[in-house]
Structures are given as C-alpha cells and as structure tokens.
Amino acid sequence: MASAEIVLRCEEIAVAYGDVQALQPTSLAFEAGRIHALVGQNGAGKTSLARVLAGIIQPAGGRYWIREEEIRESSVQQARKLGLDIVHQRFTLPPNFTVAEALELVSARKYAGAFYSYGALRSAWLRELRRADIKVSPSAKIRDLPIETNQSLEILRALAGQAQILILDEPTALLSPGGVERLFARLRQLRDAGVTLLLILHKLREVMAIADTIAVLRAGRLVLPPTEIAAVSEQRLSDLIIGEGASVEGPAGATETRESDKTRTVNLSLAGVNTRHSETEPALAAVSLALESAEILGIAGVEGNGQRSLVDVLTGLMSARSGRVELLGQDVTDLKHHQRRTIGLRAVPFDRVTEGLSLPLALWENVTIWNAENFRRSRFGPLKIGAMREAARLALEAFDVQYESLDQPAGSLSGGNMQRLILARELAQGARVVIAAQPTRGLDFRATQYVWGVLRQLRQAGASIMLVSSDLDELFSLSDRIGVMRGGQIMAEYAPPFDMQVIGDSMIGAAR
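Residues numbered from 1 in each chain as written. Predicted model: local features only at pLDDT ≥ 70, side-chain atom pairs only at ≥ 80, totals over all residues. Heavy atoms only, no water.

Caption draft 1: Highlighting the overall build of the protein. For the protein, the count of helices and strands is 17 helices and 20 strands. Computed over its C-alpha atoms, the radius of gyration of the protein comes to 24 Å, within 12% of the 24 Å expected for a compact globule of 512 residues. Considering only C-alpha atoms, the protein reaches an extent of 70 × 50 × 50 Å along its principal axes. For the protein, the share of sequence-separated contacts (at least 6 apart) that also reach a separation of at least 24 residues comes to 66%. Total accessible area computed for the protein in this model is approximately 22900 Å², and 49% of it derives from carbon and sulfur atoms. (Helix = DSSP H or I, 4+ residues; strand = E, 2+ residues; numbered from the N terminus. Rg over C-alpha atoms; globule rule 2.2 N^0.38 Å. Contact = heavy atoms within 4.5 Å. Areas by Shrake-Rupley, 256 points an atom, 1.4 Å probe, with all protein chains shown as cover.)

Pasting the structure below:
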C-alpha cells in the first residue's frame, strides 16, 4: 500500500519569546486529507507551532516544509501561496464592514477587478456564500452577526483563497453545543473533499468526536506524536496533557464547609428589571430572579439573548430603566460597579483579554488595581507600592499563577494564567457574590478543572455564584439550578437532574 502524502512536516522546530522557550525542538508530520487534533494545556506551545506554520512568526530554530517546499523564512503570503491558512480563535473580520467588504479586504482572492464596483463585489461574494451554504446577506454588517456566522465567514475567507491546509485555533471556544455539531459536520465535509485540517482543541470529548489523529504537547515538548485517535483512550490523553497524578484542585486554604439549607439567605435579587437594548442584544424585559448563599445558579442560552445585559446590570455597568437590584440586603440599583464591590460583589468578565485585564500593565498592578485605595498611607497620601506588590505576590501564589516577574505585562501570560490572575484579584478576599461569565472559555482541560474547583469551593464557603456559560456540560456539572435566557427574559428554570435535550430546546424556543 502506498504511503500517505505528508503535507506538513517539522524537524526540530523551536519557538522562543525573549528568554521564554515556548516550544522546545519539535519534530512531527501531518498526512493529507485528514483531521488532526493538537492538544495540550495553555502555554504548552500549540498556538506557537500553529503560528510558525501559518507564517506569522519566525521559529528560533529548526526546519519545516509545506507540501514538500522548505520554508526558509516564515511568511503569511508564502504559506497562503502554498495553500495553508489559519482561522484564529479571535475573529479577524473588521466589525464595521459589510460581509462582502470584510471578505474582500482579508481574502487572498480579490473580486473587485481593476475598478471598484460594490455591485460586482456583492455578487461575487454572494456566490461564495451560497456555495458554502452560509445564509447571510453580503450587505450585512459583521458586528451584527451571531458568533456562529462569524466563524463560518472566517473559514470561507480562508477557503476562498484556495486553502487546502487549514489550521483552526480553538474553533469551538465561542460556539453553542449545536454550533459545535454544525461546525464538525462542515469540517468532515471539507476533509472528505481533500482538505487537511489541523485543529487546536481543549475539550477531550470534542477531540474524540472529530479527530482522525491526535498529537499532544506538554510544557513546550511533544509527548505524543500524531497518533490514530482510536489507539488512545481519553484517560491516557488526560494523563499525557496534564501529567499523571497532577492535581487540579482549587487555591490553597479554601474551606470545605458548606452552609446548611436552614442558614441560606438571598444574597442577590432582581425584581422586574428592564433595560435598554444594546447594539448586539435585546433589552432585559421584566427580569426577576433570586440567588441564595451557597448556591450556583447557571444561566444558559444562545449567545446574544441578553446574557451580557444581565451581567452588566448586576455589576453596575448598565443602568436599569426600571425595577430593583438588591445585593446582600441593600438596594444597589443606582450604585456603580466599584460601590458594589465594596459590599461584596465580584465579577469574572466575558473576555479576559479585553475586559478583565490591562495587558500592558504589570501583574502586580492588575491584581491590586481595584483596591489600590486600601494601600494609601493616608486619605490623599502616596500609595504603598511595596505592600501592593506583596499582596499581589501572595494572591498569585494562592492561585498558582505561573509567571516570571511581578513586573511582566499581563499580556505575556498564557490564557489559563490570565484567568487565574483574574480569579486571584476577584476572589482573594471579600467575595460574597460572584458573577462568572464564560469563566473557562478557551481554557485547557486542567485550567478548566481548576476554575471549576474554585467555584465549588466558593459555594461550599457560602458564596453566591451566578454562572453564565454557553457550555451546557459546564452548567450541568456545577449548577444547583439553571435558568434559560431567550429574548432578554428568563424563559424557564430547571432543577437537577438536567436534561440536555429539554434545556437545548428551551434555549432555541423549540416545542416538544
């Protein structure tokens, strides 16, 4: 039998960022026309390898080939010329452009011709949209589209440039369970049409469902070369990813004592809250709910159905047009975010990069930014920088954040360590009510389990937690109750045992 064609091959490829070795010398090869999964914890080197192959960064050493052509100097243009493209976890299409304009701007293939004609451009991309079965108008604005459609457009953008090797970095991170199934169906179609796919994934359930082969990186080293998925068990993969016997417990010093039912109180409540609609979401419409101490209330729903508005009105980032918000027995309807924090509210934001951290600021500054006033020598005196740095060090140590220096910028951390930093800041002290929005999005297996452990320990200690997530597995694993949001309203509430089909139908308004 003839050997399979190798379309990607690396020999001793290494990646370094300054003194940090992100990828140790690594050798591996990927066969044509298959779906290959590349897995590992955040910081394992997966994205670094993908960025080398896509021509985005230059390796620190080693050699690699695309379709048997050796790449001597990494270049996005050369990679695309050889038929390789990448779909990033963070979408790249400009939000204020129309679909046709955005695709034309970033596509390797150009349709406008010598003279710009919007009509011709729209018609050309309409044909591509129909061919890919993407039901969206070329005139629609990117910012107005749901996440799943944006994902499809990013793939179309790459395929329109005749890509035959497609790298997808965390393609499921932003999708609902139904969106993941549809994406996987599309990827299988591409594979069957001869496209080679390299997927960077975190969830082992998804890996087992979609991959033909799997490779594992750990701490920048290849610990499993591309191997047939049928030859590796899920438990073996877990051991390879995190290391056998590795702990995924929560932070040190957490209590294991949980409040009894008799002592629980309502710590957070909304009564008939209405808001204005935003550009991307409907207004909240007469939303009422209550969150008790020692409870995790899950909020499910297709993204864009009011979850962000709910979080914003609870944290004081959005004003309620009417209704009442109470926090620990106090009316906080008109209080700002920092005022609610002093009472005991904490928030893990939807996006750790754009909302949770100031990437250029040092780690110690990001940790202490919200309580800097506690470190003044007097009311208007200078800040006690030494005390702030020590408080940050202790918080980062408690949450096992991996870092080189307190002075390094937050943007230099891996995604998992960014999330741990946010948890260290938000939960280090005084957290009695926690709003956790997509707290594990884009995190690897071990980091996800760590965050879950933190939330469970908070509940055991008596805190109230609202968990807003598009991951039903996460909601089912952690929640004491689940409310479903649709159209800016809480449409239904469910108690364990949770039924995936019933809650899924409730999310999309399907009758059974």
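Picking up after the structure, the text goes on.
Caption draft 2: Structural detail: the nonpolar core. Of all hydrophobic cores here, the largest spans 47 residues; its most connected members are Ala300, Phe399, Leu423, Leu427, Leu455, Leu458 and Ile503. Element by element, the count of residues in this core is highest for helix H15 (residues 445-460), at seven residues. Contacts of Ala300, omitting those with residues within four sequence positions, involve Ser469, Leu472, Leu475, Ile482, Gly483, Val484, Met485, Ile503 and Met507. Counting 32 residues, the second-largest nonpolar core is a separate cluster that includes Ala37, Val87, Val195 and Leu240. (Core = buried A, V, L, I, M, F, W, Y, C linked by side-chain atoms within 4.5 Å. Buried < 20%, exposed > 50% of the residue type's maximum accessible area, 1.4 Å probe, protein only.)

Caption draft 3: A look at the sheet that holds strand S14 (residues 322-327). Across the sheet, four strands lie side by side as S12-S11-S14-S15; this open sheet has antiparallel pairing. Either end of the sheet is taken by a strand with one partner, and the two such strands are strand S12 (287-292) and strand S15 (330-331). As paired elements, S14 and S15 share two bridges and run antiparallel to each other. Opposite Glu326, over in S15, you have Asp331 as the bridge partner. (Pairing = 2+ DSSP bridges.)

Caption draft 4: Region of the structure containing unusual backbone geometry. The omega torsion of the bond from Pro496 to Pro497 falls at 0°, within 30 degrees of zero and hence cis. With a phi close to 60°, Asp133 is a non-glycine residue in the positive phi region. Considering the arrangement of structural elements, one finds Asp133 in the loop between helix H4 (118-131) and helix H5 (147-160). Residue Asp133 is classed as exposed on the basis of its relative accessible area, which comes to 55%. The phi dihedral of Glu170 is positive, around 50°, even though this residue is not glycine. Among the structural elements, Glu170 can be located in the loop between strand S7 (165-169) and helix H6 (177-192).

Caption draft 5: Up close: the pattern of salt bridges. Within the structure shown, the criterion is met by 28 salt bridges. Its salt-bridge partner being Glu128, residue Arg131 comes within 3.0 Å of it at the nearest N-O pair. With Arg131 and Glu128 both in helix H4 and three residues apart, this pair spans about one turn of that helix. Judged by its relative accessible area of 9%, Glu128 is buried. Two residues, Arg459 and Asp480, come together in a salt bridge whose shortest N-O distance is 3.2 Å. One end of the pair, Arg459, is in helix H15; the other, Asp480, is in the loop between helix H16 (472-478) and strand S19 (481-486), and 21 residues separate them in sequence. Owing to a relative accessible area of 22%, Asp480 belongs among the partly exposed residues under this scheme. (Salt bridge = Lys/Arg side-chain N within 4 Å of Asp/Glu carboxyl O.)

Caption draft 6: Seen up close, the confidence of the model for the protein. Averaged over every residue, the pLDDT of the protein is 86; the share at 70 or more is 91%. Confidence drops under a pLDDT of 50 for residues 252-259, and excluding neighbours within four residues, the segment shows 19 contacts in the predicted structure. (pLDDT = per-residue confidence, 0-100.)

Caption draft 7: Just H4, in detail. Over its 14 residues, H4 extends 20 Å from the first C-alpha to the last, a length consistent with the 20 Å expected when each residue adds 1.5 Å. All of the buried residues in H4 are Leu121, Ala124, Trp125, Leu126, Glu128 and Leu129. Where H4 is buried, its residues contact helix H3 (99-106) and H5. Looking one or two residues beyond H4, the residue adopting positive phi is Asp133, at roughly 60°. (Expected span 1.5 Å × (residues − 1).)

Caption draft 8: Broad picture of the packing of H3 against H5. At a minimum axis separation of 9 Å, H3 and H5 run at an interaxial angle of 40°. Judged on the interaxial angle alone, H5 and H3 are oblique. Relative to H5, the crossing made by H3 is right-handed. The segment H3 lies against H5, with Val99, Leu103 and Val106 engaging Leu153, Leu156 and Arg157. Residues of the contact of H3 with H5, tallied by class, amount to five nonpolar, no polar and one charged. (Axes fitted to C-alpha atoms, helices over the stretch in contact; angles between N-to-C directions. Parallel < 35°, antiparallel > 145°, perpendicular 65-115°, else oblique. Left-handed = near helix turned anticlockwise from the far one by under 90°. Nonpolar A, V, L, I, M, F, W, Y, C, P; charged D, E, K, R; others polar.)

Caption draft 9: Quick peek at the pairing of strand S20 (residues 489-494). Bridging between S19 and S20 involves five bridges; their strand directions are antiparallel. Counterpart to Met485 in the pairing with S20 is Ile490.

Caption draft 10: Seen up close, the packing of aromatic side chains. Counted according to the given criterion, the structure contains one aromatic pair. Arg9 extends its terminal NZ or CZ atom over the ring of Trp65, reaching a point 4.0 Å from the ring centre. The positively charged end of Arg420 is found above the aromatic ring belonging to Tyr450, 3.7 Å away from the centroid. (Phe/Tyr/Trp six-rings, centres within 6.5 Å; stacked < 30°, edge-to-face > 60°. Lys NZ or Arg CZ within 6 Å of the ring centre and 35° of its normal.)

Caption draft 11: Region of the structure containing the pairing of strand S11 (residues 266-274). Relative to S12, S11 runs antiparallel, the two being bridged by five bridges. Across the sheet, Leu268 pairs through a bridge with Leu291, a residue of S12. By the bridge criterion, five bridges tie S11 to S14 in an arrangement that is antiparallel. What sits directly across from Asn274, in S14, is Ser322.

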